[in-house]
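Descriptive analysis of the structure
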Amino acid sequence: MKIQSVGVIGAGTMGNGIAQVCAVAGLEVVMLDINDAALERGLSQIGKSLDRLVKKETLSVANKEAALQRIRCSTSYGELKGLNLVIEAATENQAVKVKILHQVDEIVGNDTIIASNTSSISITQLAALDSNPARFIGMHFFNPPPMMALVEVIRGLQTSDATHAAIIEMAQRIGKEPITVKNSPGFVVNRILLPMINEAFFVLHEGLASPEDIDAGMKLGCNQPIGPLALADLIGLDTCLAVMEVYFESFSDSKYRPCPLLREMVAAGYLGRKTGRGVFIYE
């Protein structure tokens, strides 16, 4: 199957970014969310992102307008009927994802591929809930999707070769570099990245250095473009905590124990850039 139409569930940072990438590449897109306000915010973000590309002269005004015309917004799951692919890009909460995926399974045809943009939840487990597990796959984009080249393509135990091949081809067609990953908590990138971020919180918790110096040390000493604490603020501290909790539960290994300071900051509502305050304060 050659994928020409895509449904994206979730108009937040990941969802609208995925929708933008697909639309710019020439695919017809349906972006779905729970209310019109969320969809308006998502579409506004896409417009601003495309404007930046036009300003950088990496996208023409005509192509920007064409991409926006390819995106249809809706609050109805019925709009997903007949699409080649549906990508779930909701918050990293298993109960929420399961509810959404059940609704998708009830609406779409048997030949529609269903993908989850989860960063940590078992694809095999999610696929087992689908009426046709062979068509289920993980398609993990990185934040922000328009800028990040990588897509982790995660095969569940049930994922068919045809599903995998279609997603690899589609990822390359929208300008991404896919890597194939076996199903395991955190897959590859986040399995390495999130424990590093969690360890940075332990270093901060123990008072070994200031947040600024911890990040400066990792940028200057390890050539990272952004420090782990600033990256946590960008990802969202609640998301970082949720992923570490998945690892801790899945592996039953104390090395994945979430840092108490990370838990406390999430409890305080200091979630990072999206709330204006995380490790650092944002205007």
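Sequence order sets the numbering: in each chain, residues are counted from 1 along the sequence as written. Only residues with pLDDT of at least 70 get local features here, since the model is predicted, and only at 80 or more are side-chain atom pairs given and counted; chain-wide, interface and lining totals rely on the full set of residues. Side-chain calculation: all heavy atoms of the structure are included, whereas hydrogens and water are not.

1. Details of the overall build of the protein chain
The line we're drawing: Helix and strand labels come from DSSP, where a helix needs a run of H or I of at least four residues and a strand needs a run of E of at least two; each type is numbered from the N terminus. For the radius of gyration, the atoms used are the C-alpha atoms, and the globule rule reads 2.2 Å times the number of residues raised to 0.38. Here's how the labels work: a residue is buried when its accessible area is under 20% of the maximum for its type, exposed when over 50%, partly exposed in between, all with a 1.4 Å probe on protein chains only. For this analysis, residues touch if any pair of their heavy atoms sits within 4.5 Å. Per-residue and other accessible areas were derived by the Shrake-Rupley procedure at a 1.4 Å probe size, with only the shown protein chains allowed to occlude residues.
The helix and strand inventory of the protein chain stands at 11 helices and 8 strands. The C-alpha atoms of the protein chain give 19 Å as radius of gyration, which agrees with the globular expectation for 283 residues (19 Å, within 12%). Counting only C-alpha atoms, the protein chain reaches 55 × 45 × 35 Å along its principal axes. Burial analysis of the protein chain (283 residues in total) assigns 48% to the buried set. A fraction of 67% describes how many contacts in the protein chain between residues 6 or more apart in sequence connect residues 24 or more apart. With the model as given, the accessible surface of the protein chain reaches about 13,300 Å², and the carbon-plus-sulfur share is 53%.

2. Quick notes on the state of the cysteines
The condition is simple: By definition, disulfides here are pairs of cysteine sulfur atoms that lie within 2.5 Å.
Overall, the coordinates contain 0 disulfides when judged by the stated rule. Not engaged in a disulfide, the cysteine Cys22 finds its nearest cysteine sulfur in Cys73; these two sulfurs lie 14 Å apart. On the accessibility criterion, Cys73 (29% relative accessible area) is partly exposed.

3. What to know about the packing of aromatic side chains
The line we're drawing: Ring pairs shown here join Phe, Tyr and Trp side chains whose ring centres sit within 6.5 Å, with only the six-membered ring taken for Trp; geometry is labelled stacked below 30 degrees between planes, edge-to-face above 60, and tilted in between. Definition used: whenever NZ (Lys) or CZ (Arg) falls within 6 Å of the ring centre and also within 35 degrees of the ring normal, the charge is taken to sit over that ring.
Summed over all chains, the structure comprises 3 aromatic pairs. Aromatic pair Tyr247 and Tyr256: ring centres 5.7 Å apart, planes at 75°, arrangement edge-to-face. A single burial state applies to Tyr247 and to Tyr256, both of which are buried. Ring-pair connections join several aromatic residues into one group, and the members of that group are Tyr247, Phe251 and Tyr256. The ring of Tyr270 has Arg277 sitting right over it, with the charged end atom 4.1 Å from the ring centre.

4. Points about the UniProt feature "site: Important for catalytic activity" (unreviewed entry) in the protein chain
Heads up, the rule is: UniProt positions are given in the numbering used here, feature names are shortened, and annotations may be inferred rather than shown by experiment.
Listed under "site: Important for catalytic activity" (unreviewed entry) in the UniProt record, and renumbered for this structure, are His140. Residue position: His140 is located in strand E6 (residues 136–141). Not counting residues up to four positions away in its chain, the partners in contact with His140 are Ser116, Asn117, Thr118, Ser119, Leu150, Val151, Glu152, Ile154, Phe187 and Asn190.

5. A look at a nonpolar patch on the surface
Defined as follows: Residues enter patches when their relative accessible area tops 30% and they take part in no salt bridge; the joining distance is 9 Å for like charges and 5 Å for the nonpolar side chains Val, Leu, Ile, Met, Phe, Trp and Tyr. In the sections that follow, a salt bridge refers to a side-chain nitrogen of Lys or Arg positioned within 4 Å of a carboxyl oxygen of Asp or Glu.
Where nonpolar side chains cluster on the molecular surface, the patch consists of Ile179, Val188 and Ile192 and spans about 250 Å² of accessible area. Its place among the elements puts Val188 in the loop between strand E8 (177–182) and helix H7 (189–205).

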